[in-house]
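Chain residues, written in single-letter form:
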Amino acid sequence: MPNLHLGSLIKKLRKKKGLTQEALAHPFIDRATLSKIENGKVMPNRSTMETLFERLGYNAHSNIDSFLGGEEAKIQKIIDELDSLTFNESAPGNAEARYKRAAVLVKALEGNKAFTENLKQRQYLMIRKASILIFGKNDNALGEALLLQALALSIPDFDPQRIEDFHLSKNEMSALNLLAKIYFDKGRGEDAINHLYSLKNNIEKHCVDKNAYGYLYPAIIYNLAAFLNKEERYEESLKMCDHAIEICKDTAQFRTLPLVVGYKAGNLLELGAREECERLVKQVFYSSEMFGLYGQRELAREFARERLGLEL
């Protein structure tokens, strides 16, 4: 009966979205398989369940964790650690050690035949390997190539001008977020900003449960605020910082808050609000220490000393 209940839920959410079985399933599974899932005849694996719920705009974890088996739970533990190492600036340890550990975890997943036979999981590995290249080895060229290959697995007709129209999975969102960083590093600031605005609009258009993308949604808004700041679009960046702060609160992504507030402080200083800037820099310093964001704490200390003449 739990299988039938799960299938009925997927069918109900799909119809509510106005999606056909083909649109929801392709290319991860075929329409016939989705039909069997919806009718309770087939129990999908974790990867398939995640894809279906993500495309429907709902929090996959809250719906499927109760269906995990022992082996899948072990794999999920590796994935959780890998995510924190490759995408979380506040992960413990120095950068070199962090990315060496990430490479070990990627290799462990690559050695699992059942894992790599799944299209979504192959895509996941490509994106994580790309993140190691981008952040760990500063190899944007190879990283970009991997990201484009990963996107082609699930969206062969992908058009970057139509980002808002696609029902994106978490993997696809992650790949597109990383592409924006590459664009910015190449000096294509306007392209990176427009790209992230499209991602932001996609989530707000299609995602029913903002927790569905976990840290990724706040990260997209944070990156947007950061790029706007670096392009000296301070008022626009300030507005995005305030939006990101609200998202962090709504989704309980509190470790991202000091990063966002740091950019807000910088924007305020550029706009002449020194007193408010000082107050926020102090908040960033102490909250970063509380959350173990020592790199961010030192940036706040340096900013206070060089830009404000304060010692923290």
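Report on the accompanying structure. (Residues numbered from 1 in each chain as written. Predicted model: local features only at pLDDT ≥ 70, side-chain atom pairs only at ≥ 80, totals over all residues. Heavy atoms only, no water.)

### Digging into the pattern of salt bridges
Quick reminder of the rule: Salt bridge, as applied in this entry: a Lys or Arg side-chain nitrogen positioned within 4 Å of an Asp or Glu carboxyl oxygen. Helix and strand assignments follow DSSP, with helices taken as H or I runs no shorter than four residues and strands as E runs no shorter than two, numbered in order from the N terminus.
Under the criterion given, the structure shown has 20 salt bridges. Note that K181 is salt-bridged to D185, the shortest N-O span being 2.6 Å. A residue pair is termed a helical-turn pair when its members lie 3 or 4 positions apart in one helix, as K181 and D185 do in helix 11 (residues 170–185) at four residues. If you follow the salt bridges from partner to partner, you end up with E289, R297, E298 and R301 in one network.

### As for the layout of surface pockets
Our working rule: Using protein atoms alone on a 1 Å grid, points that fit a 1.4 Å probe yet trap it form a cavity, whereas open point sets bounded by protein on both sides within 12 Å along at least five of seven lines form a pocket; residues with an atom within 4 Å of a point count as lining. Grid points are joined across faces, edges and corners, and a volume is the space filled by probe spheres set on the points. Residue polarity is assigned by list, with Asp, Glu, Lys and Arg as charged and Ala, Val, Leu, Ile, Met, Phe, Trp, Tyr, Cys and Pro as nonpolar; anything else, Gly included, falls into the polar class.
The space that makes up the second largest pocket amounts to roughly 300 Å³. Lining the second largest pocket are 13 residues, with A23, H26, R55, S154 and F166 sitting closest to its centre. Residue composition of the lining of the second largest pocket, grouped by class: five nonpolar, three polar and five charged.

### Remarks on the packing of aromatic side chains
To keep it simple, the criterion reads: Here a Phe, Tyr or Trp ring, Trp counted by its six-membered ring, pairs with any other such ring whose centre lies within 6.5 Å, and the pair is stacked when the planes are under 30 degrees apart, edge-to-face when over 60, and tilted otherwise. Only when the NZ of Lys or the CZ of Arg is both within 6 Å of the ring centre and within 35 degrees of the ring normal is a charge said to sit over the ring.
Across all of its chains, the model carries four aromatic pairs by this definition. The ring centre of Y183 lies 4.3 Å from the NZ or CZ of R188, which sits over that ring.

### Thoughts on unusual backbone geometry
The backbone phi angle of N138 is positive, close to 55°, even though this residue is not glycine. Structurally, the position occupied by N138 is in the loop between helix 9 (119–136) and helix 10 (140–154).

### As for the side chain of E172
This is how the line gets drawn: Polar contacts here mean pairs of N or O atoms no more than 3.5 Å apart (in protein, one a potential hydrogen donor and the other a potential acceptor; neighbouring residues in sequence count only if both atoms are side-chain atoms). The criterion used for residue contact is that any of the two residues' heavy atoms lie within 4.5 Å.
With respect to the helices, strands and loops of the structure, E172 is situated in helix 11. Within the local environment of E172, its side chain forms a polar contact with the side chain of S154, the two groups lying 2.6 Å apart. Setting aside chain neighbours within four positions, we find E172 in contact with F28, R55, Q123, L151, S154, I155 and H167.

### Observations concerning the packing of helix 14 (residues 234–251) against helix 15 (residues 257–270)
Heads up, the rule is: In this description, a line fitted to the C-alpha atoms serves as the axis of each element, helices being fitted only across the stretch in contact, and the angle between N-to-C directions of two axes falls anywhere from 0 to 180 degrees. Any angle that is under 35 degrees is reported as roughly parallel, and any over 145 degrees as roughly antiparallel; angles of 65 to 115 degrees are reported as roughly perpendicular and all others as oblique. What makes a crossing left-handed is the near helix being turned counterclockwise from the far one by less than a right angle; a clockwise turn instead makes it right-handed.
Axis separation between helix 14 and helix 15 bottoms out at 9 Å; the angle between their running directions is 155°. When the axes of helix 14 and helix 15 are compared, the pair comes out roughly antiparallel. Crossing geometry of helix 14 relative to helix 15 is assigned as left-handed. Here Y234, S237, L238, C241, D242, A244, I245 and C248 of helix 14 lie close against helix 15, whose contacting residues are L257, V260, V261, Y263, K264, N267, L268 and E270. Residue classes in the contact of helix 14 with helix 15 are distributed as eleven nonpolar, two polar and three charged.

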